[in-house]
Amino acid sequence: MLTIGVDIGGTKVAAGVVDDQGQIVAHTLRPTAADRPDVVAQTVAEVVGELSAGRDVEAVGVGAAGFVDETRSIVRFAPNLAWREEPLQKKIAGLVGLPVVIENDANAMAWGETRFGAGRGQSHVVCLTLGTGIGGGLVFDGRLYRGRWGMGAELGHMQVVRDGRLCGCGNRGCWEQYASGNALVKAAREIAEVQPERARILLGLSGGTIEGEEVTEAARQGDTASLAAFAELAEWLGQGMADLAAILDPGCFIIGGGVSRAADLFIDRAREEFARRLTGREHRPLAEIRLAELGASAGVVGAADLARQR
Ligand SMILES: [Zn+2]
């Protein structure tokens, strides 16, 4: 049986036809009209039309970067797209004539990784997507955890520093301001500004505004400012995972997102920090910390599988 998974991000719509083994048999990509909700629904309808031509497709799952309600049909709010109380499920279903399920994009990724990626065989999984922010997804007892109103697992918005850095959500001190890709860049920029002599390699590579890839490259070349930024990220990540383990007791964490491509620069330290801060650490098994396996297609695969299980 085939279903279509669609992943709507801030800049692009990715979609694929997925079989019941989680294999993508065809895929396509379009830019997202982030400021025009109607055009986004139309774009989804187009990719579904393209992908379902000549195929027996049963349903469509859509992962959307926003707060999706408990009925999995309305996007209440999206920080990076112009959705406010957007009846996305109804709009898309009306255009494609197939059953449609809407899910938060990080939840869809967590589901994809748990079913077919790094979390295969695991029943209690915390998935963290480190990018612009921190996307969170929880699978417990083999089921995706959504919370009472569909707004659960916004792990990046735990407030870890009182009156800390301002977050895109409007609060201060959110975890994603300290352990995401943006946080990494921010930390590197701050060190480079205050102690430029530690950031000679980084400043040489960037030639102006420092971006994520340059911090990674500079760290690989031994730039001490960049290495310090990665160490900071690792410590915040490890501490946050220890807190999550205190609440949720997962068997496995999965780390994905753009920053995970540089995992060799922070994952060991994050593991150490996690083990050092875990409550009851001498009397419990340590949750595994694994890297995501499906990369950018986790959202498509997960959304398609959620449509299958609707
Ligand atoms: Zn926040």
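Structural data are supplied above this passage.
Residues numbered from 1 in each chain as written. Predicted model: local features only at pLDDT ≥ 70, side-chain atom pairs only at ≥ 80, totals over all residues. Heavy atoms only, no water.

Hey, could you go over the overall build of the protein for me, with residue numbers and the actual values?
Helices and strands together make up the secondary structure of the protein, namely ten helices and 13 strands. Against the globule reference of 19 Å for 310 residues, the protein gives a C-alpha radius of gyration of 20 Å, in line with a compact fold. Along the longest, intermediate and shortest principal axes, the C-alpha atoms of the protein span 60 × 50 × 35 Å. Looking at the protein residue by residue over its 310 residues, the buried ones come to 52%. By sequence separation, contacts in the protein at least 24 residues apart represent 61% of the contacts at least 6 residues apart. Looking at the protein as shown, the accessible area adds up to about 13900 Å², and 48% of this sits on carbon and sulfur atoms. With 32 positive and 40 negative side-chain charges, the protein shows a spacing of 3 Å between the two charge centroids. (Helix = DSSP H or I, 4+ residues; strand = E, 2+ residues; numbered from the N terminus. Rg over C-alpha atoms; globule rule 2.2 N^0.38 Å. Buried < 20%, exposed > 50% of the residue type's maximum accessible area, 1.4 Å probe, protein only. Contact = heavy atoms within 4.5 Å. Areas by Shrake-Rupley, 256 points an atom, 1.4 Å probe, with all protein chains shown as cover. Lys, Arg positive; Asp, Glu negative; His and termini not counted. Charge placed at Lys NZ, Arg CZ, Asp CG, Glu CD.)

For the side chain of Asp305, give the residues involved together with the corresponding values.
With respect to the helices and strands, Asp305 occurs in helix H10 (residues 298-308). Taking relative accessible area as the criterion, Asp305 reaches 0% and is therefore assigned buried. Side-chain polar atoms of Asp305 contact the side chain of Trp111, separated by 2.9 Å. Beyond its immediate stretch of four places on either side in the chain, Asp305 contacts Thr3, Trp111, Arg115 and Phe116. (Polar contact = N/O pair within 3.5 Å; in protein donor to acceptor, adjacent residues only side chain to side chain.)

Tell me about the coordination of the zinc ion, and please be specific about residues and values.
Distances from the zinc ion to its protein donors, His157 (ND1), Cys167 (SG), Cys169 (SG) and Cys174 (SG), fall within 2.0 to 2.3 Å. Angles of 107 to 118 degrees at the metal separate the four donor atoms of the zinc ion, which places the site in the tetrahedral class. All donors of the zinc ion come from a single chain, and their spacing in sequence reads H-x9-C-x1-C-x4-C. In this pair, His157 is assigned in the loop between strand E11 (143-144) and helix H4 (176-179) and Cys167 in the loop between E11 and H4, connecting sequence segments ten residues apart. A relative accessible area of 5% places Cys167 in the buried class. (Donors = N, O, S within 2.8 Å, 3.2 Å for Na, K, Ca; no water. Tetrahedral: all angles 85-135°; square planar, octahedral: opposite > 155°, others 65-115°.)

Describe the pairing of strand E1 (residues 2-8), naming the residues involved and giving the relevant values.
Within E1, six of the seven residues are buried, which leaves the element mostly enclosed by the surrounding structure. Both E1 and strand E4 (residues 57-64) contribute to a ladder of six bridges, which runs parallel. Across the sheet, Ile4 pairs through a bridge with Val60, a residue of E4. Where E1 folds back onto strand E2 (residues 12-18) in an antiparallel hairpin, the turn is made up of three residues. (Pairing = 2+ DSSP bridges.)

Just give me the short version of the sheet that holds strand E10 (residues 134-140), but keep the residues and values in it.
Taken in spatial order, the five strands of this open sheet run E11-E10-E9-E12-E13, and their pairing is mixed. The open sheet has two free edges, formed respectively by E11 and strand E13 (288-291), since each of these has just one partner strand. Note: strand E12 (residues 252-256) against E13, four bridges, orientation parallel. Following the sheet pairing, Ile254 is matched in E13 by Arg290. Running over the sheet, helix H8 (residues 224-248) touches strand E9 (125-130), E10, E12 and E13 and is turned about 155 degrees from E9. (Axes fitted to C-alpha atoms, helices over the stretch in contact; angles between N-to-C directions.)

Can you tell me about the side chain of Gln177, naming the residues and giving the values?
As for its placement among the helices and strands, Gln177 is situated in helix H4. Take Gln177: its relative accessible area is 13%, and that puts it in the buried class. Contact partners of Gln177, with chain neighbours within four places excluded, come to Arg165, Leu166, Cys167, Gly168, Ala183 and Lys186.

Residue-level account of the pattern of salt bridges, with values.
Considering all chains together, one arrives at 19 salt bridges under this definition. Note that Asp249 is salt-bridged to Arg284, the shortest N-O span being 3.1 Å. In this pair, Asp249 sits in the loop between H8 and E12 while Arg284 sits in the loop between helix H9 (267-277) and E13, placing the two residues 35 residues apart along the sequence. Connected through salt bridges with shared partners, the residues Arg30, Glu46 and Glu50 form a single ionic network. (Salt bridge = Lys/Arg side-chain N within 4 Å of Asp/Glu carboxyl O.)

Give me the packing of helix H5 (residues 181-194) against H8: which residues, what numbers.
The interhelical angle for the contact between H5 and H8, taken along N-to-C directions, is 140 degrees, at an axis separation of 8 Å. Here H5 is positioned oblique relative to H8, judged by the angle of their axes. Two packed elements cross with a definite hand, and for H5 against H8 that hand is right-handed. Taken together, the residues of H8 that come into contact with H5 (itself represented by Leu184, Ala187, Ala188 and Ile191) are Ala225, Ala228, Ala229, Phe230, Glu232 and Leu233. Of the residues assigned to the contact of H5 with H8, the class counts are nine nonpolar, no polar and one charged. (Parallel < 35°, antiparallel > 145°, perpendicular 65-115°, else oblique. Left-handed = near helix turned anticlockwise from the far one by under 90°. Nonpolar A, V, L, I, M, F, W, Y, C, P; charged D, E, K, R; others polar.)

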